[in-house]
Amino acid sequence: MRTPVPDYLDEVLDALRGDSTGAPANYIPELATADPDKFALSITTTSGSTYAAGDVDTEFSIQSISKPFAYAAALIDRGFERVLESVGVEPSGEAFNELSLEGDTHRPKNPMINAGAIATHSLLGAAGAGQDDRVERARRLFSRLAGRELRVDEQVCASELGTAHRNLAIAHMLHNYGILEGDVHSIVEGYTRQCSILVSVRDLSMMAATLATGGVQPVTGDRVLESDVARQVMAVMAGAGMYDAAGDWLTRVGIPAKSGVAGGMVGVLPDQVGIGAFSPRLDAHGNSQRGRRAFERLSQDMGMHLFSSDRGRLDSVGSDTQDGTTTFRLQGNVQFTAAAELLDLMAEVEDGNVVLDVSRVHSFSDVGRRMTLEGLRRLRLDGRGIALRDPSTTLPDPDLGDGTYPEESATGGLQV
Ligand code: GLN
């Protein structure tokens, strides 16, 4: 059998191919020469499968889609506090190239608008890093996220630098308020080079899927980002990724996303998928016209909305009592909800021994684990005998929080 997912993606492309509204960006002369009919879509799941359709191997410059990933690099290199000193996290409700800063702090409102992205670029690498180091820092991180070596398109970069007056104006303004340190021209040049890194839709869906897993590249297994960095990036994308259309996008499409003026778009659904799209004709907001519509289709057809409630529970809990022994069975990815239910059920036990069967659990969230062990500890205090059935050690080192373990198991297996 052939999986129907690529056929579905082909169908989405075919349905939208006729839409020739909008035009490729022309303020960067090199981008105006792009073939406007190119069209591609790619989805990478958190388990590392990629489904792609259309012009999947066409490369284009990443442009503003570099912003969330460069933000990740700055957070890693300088820490949250330092980055937040220079760049805010508020949706700006303005166009991507607006010359605006927060009134009191003079910080750019967020890292997704050019002002914030230029300030973010200046924070790449160690303090005082030169342009080559900053660009290389971005290129290397993007390559690890994509799972292959990416390169800068110097022609696109040179073309944009020839007309980069607006970004230079923004950078001078940032310098004036002490947000940008160092040589303004070199920072804008480095930022422009970062925007000129070439990607395909596959690269984009892979990079986004690495955010979706909380930072582990799903194919190479490389932990590229810590989960708090991935979460910060996704949260800022959700609030500010679509510039002045952010609220409309979040409500209607519900996929945190970022677009670039070369026609690329990236989207991420935590724990599910990363999505890449490419079509060079842009709408009035500077977003890919067909790319935007493809995201709308995916959200509707595939139930891919961050706030859709049709995904169901990730966990479940049950219990039964036989011969005076109560067995609790947990299943799935045990998070707060199942753990809370488990504790309610445990609270009803009045006598006999207790078995906790986690053989059908595939993972515990941190809070799920702590709550579960606390339940066992309290049952022990009440005088219950406790055993753990954990053949795949999903609950390693089940220290009940006081240095003791379930009586008959520290390592797994059924020991009642
Ligand atoms: N390099 C472009 C710029 O700074 C990126 C803008 C975009 O993709 N929206 O203008």
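For the structure itself, look to the data block above.
Residues numbered from 1 in each chain as written. Predicted model: local features only at pLDDT ≥ 70, side-chain atom pairs only at ≥ 80, totals over all residues. Heavy atoms only, no water.

(A) Broad picture of the site of the ligand. The local shell around the ligand consists of Tyr 27, Gln 63, Ser 64, Phe 96, Asn 114, Glu 160, Asn 167, Tyr 191, Cys 195, Tyr 243, Gly 260 and Val 261. Take Glu 160: an N or O atom from its side chain is 2.8 Å from a nitrogen atom of the ligand. Between the ligand and the protein, one listed contact pairs an oxygen atom with a side-chain N or O atom of Tyr 191 at 2.8 Å. Within the complex, 99% of the 300 Å² of free accessible area of the ligand lies under protein. A per-class count over the shell around the ligand returns six nonpolar, five polar and one charged. (Near = heavy atom within 4 Å. Polar contact = N/O pair within 3.5 Å; in protein donor to acceptor, adjacent residues only side chain to side chain. Areas by Shrake-Rupley, 256 points an atom, 1.4 Å probe, with all protein chains shown as cover. Nonpolar A, V, L, I, M, F, W, Y, C, P; charged D, E, K, R; others polar.)

(B) Quick look at the packing of helix 2 (residues 66-86) against helix 4 (residues 131-146). Relative to each other, helix 2 and helix 4 sit at 110 degrees, their axes nearing to 10 Å. Considering their axes alone, helix 2 and helix 4 lie roughly perpendicular with respect to each other. Contact residues: helix 2 offers Ser 66, Phe 69, Ala 70, Ala 72, Ala 73, Ile 76 and Asp 77, while helix 4 offers Arg 137, Leu 141, Phe 142 and Leu 145. Taken together, the residues that form the contact of helix 2 with helix 4 break down as eight nonpolar, one polar and two charged. (Axes fitted to C-alpha atoms, helices over the stretch in contact; angles between N-to-C directions. Helix = DSSP H or I, 4+ residues; strand = E, 2+ residues; numbered from the N terminus. Parallel < 35°, antiparallel > 145°, perpendicular 65-115°, else oblique. Contact = heavy atoms within 4.5 Å.)

(C) Seen up close, unusual backbone geometry. Residues other than glycine seldom take positive phi values, yet Asp 323 does so here, at roughly 50 degrees. You can see Asp 323 is positioned in the loop between strand 8 (315-322) and strand 9 (325-334).

(D) Broad picture of the nonpolar core. Judged by nonpolar contacts, the single largest core of 73 residues is most densely connected at Phe 142, Met 207, Leu 211 and Leu 225. Those elements that provide at least two residues to this core are helix 2, helix 3 (114-121), helix 4, helix 6 (165-176), helix 7 (184-195), helix 8 (201-212), helix 9 (227-240) and strand 6 (264-269). Take this core: its biggest share by element is eight residues, from helix 2. Here Leu 225 is in contact with Ala 72, Ile 76, Leu 141, Leu 145, Leu 211, Gly 214, Gly 215 and Ala 230, once residues within four sequence places are set aside. Residues Tyr 8, Ile 275, Phe 295 and Leu 298 belong to the second largest nonpolar core, which totals 23 residues. (Core = buried A, V, L, I, M, F, W, Y, C linked by side-chain atoms within 4.5 Å. Buried < 20%, exposed > 50% of the residue type's maximum accessible area, 1.4 Å probe, protein only.)

(E) Inspection of a negative patch on the surface at higher detail. Negative charge collects at one region of the surface, where Asp 344, Glu 348, Glu 350 and Asp 351 lie side by side. Mapped onto the elements of the fold, Asp 351 is located in the loop between helix 12 (336-347) and strand 10 (353-364). Under the relative-accessibility criterion, Asp 351 is labelled exposed at 53%. (Patch = residues over 30% accessible without salt bridge, like charges linked within 9 Å, V, L, I, M, F, W, Y side chains within 5 Å. Salt bridge = Lys/Arg side-chain N within 4 Å of Asp/Glu carboxyl O. Lys, Arg positive; Asp, Glu negative; His and termini not counted. Charge placed at Lys NZ, Arg CZ, Asp CG, Glu CD.)

(F) Molecular detail of the sheet that holds strand 6. Strand order in the open sheet formed by five strands is 2-1-7-6-5, and the pairing between neighbours is antiparallel. Pairing within the sheet leaves two strands with one partner each, and these edge strands are strand 2 (50-54) and strand 5 (257-259). Strand-to-strand twist across the sheet, computed as the mean angle between neighbouring axes with direction ignored, equals 10 degrees. Bridge count between strand 1 (residues 40-45) and strand 7 (residues 273-278): six bridges; the pairing is antiparallel. Paired with Ile 43 across the bridge in strand 7 is Ile 275. Its contacts with the sheet put helix 8 on strand 1, strand 2, strand 6 and strand 7, and the angle it makes with strand 7 is roughly 155 degrees. Taken strand by strand, helix 11 (residues 289-301) contacts strand 1, strand 6 and strand 7, and its axis lies near 20 degrees from that of strand 6. (Pairing = 2+ DSSP bridges.)

Scope: geometric values only; no functional claims are made or implied.
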